[in-house]
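Next come the chains, spelled out residue by residue.
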Amino acid sequence: MVIMEYKEWNIQIWISEDDQDAVTTATAVLFTAEGKRHESVAHARRKPGDRPVPGIGDELAAGRALSDLSAKLIEDGADDVARMASPA
């Protein structure tokens, strides 16, 4: 029987809006079981003529923060592979 190791990584997302509800900011932070912390911040901006719909800004800002976090994780993994492949 093969026993697999399971790991849990948690991501927290904090969302805030400016006083005019024109800019939504999302901060996504990943905490790994090994104690690593990765953070990404992203924004969504409402056009001045558009009516405020906070849920749309939340989705866009959070999605952008998660996309940036994803890119950072891929880059970290590629850097680790390159380091391990290079002669010591």
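Just so you know, these numbers come straight off a predicted model, no measurement behind them. (Residues numbered from 1 in each chain as written. Predicted model: local features only at pLDDT ≥ 70, side-chain atom pairs only at ≥ 80, totals over all residues. Heavy atoms only, no water.)

Draft legend 1. Seen up close, the pairing of strand β3 (residues 37-45). Side chains of β3 alternate between two faces, with H38, S40, A42 and A44 buried and R37, E39, V41, H43 and R45 left unburied. The antiparallel pairing of strand β2 (residues 23-31) with β3 creates a hairpin that spans 5 residues between the two strands, and G35 there sits at a positive phi of about 95 degrees. (Buried < 20%, exposed > 50% of the residue type's maximum accessible area, 1.4 Å probe, protein only. Helix = DSSP H or I, 4+ residues; strand = E, 2+ residues; numbered from the N terminus. Pairing = 2+ DSSP bridges.)

Draft legend 2. Inspection of the environment of I13 at higher detail. Here I13 is to be found in strand β1 (residues 10-17). We classify I13 as partly exposed; its relative accessible area is 34%. It is 9.5 Å that separates the C-alpha atoms of I13 and V41, two residues lying 28 residues apart in sequence. When near neighbours in sequence (up to four residues on either side) are disregarded, I13 contacts A26, T27, A28, A62 and L66. (Contact = heavy atoms within 4.5 Å.)

Draft legend 3. Broad picture of the nonpolar core. By size, the foremost hydrophobic cluster in this structure holds 9 residues: A26, A28, L30, A42, A44, A61, A62, A65 and L69. Broken down by secondary-structure element, the contributors of at least two residues to this core are β2, β3 and α1 (54-85). Here A65 is in contact with A26, A28, S40 and A42, once residues within four sequence places are set aside. (Core = buried A, V, L, I, M, F, W, Y, C linked by side-chain atoms within 4.5 Å.)

Draft legend 4. View of the pattern of salt bridges. Applying the stated criterion across every chain, the model contains 4 salt bridges. Across the pair K7 and E34 runs a salt bridge whose closest N-O atoms are separated by 3.8 Å. Within this pair, whereas K7 is found in the segment before β1, its partner E34 is found in the loop between β2 and β3, the two being separated by 27 residues in sequence. You can call E34 exposed: its relative accessible area is 52%. (Salt bridge = Lys/Arg side-chain N within 4 Å of Asp/Glu carboxyl O.)

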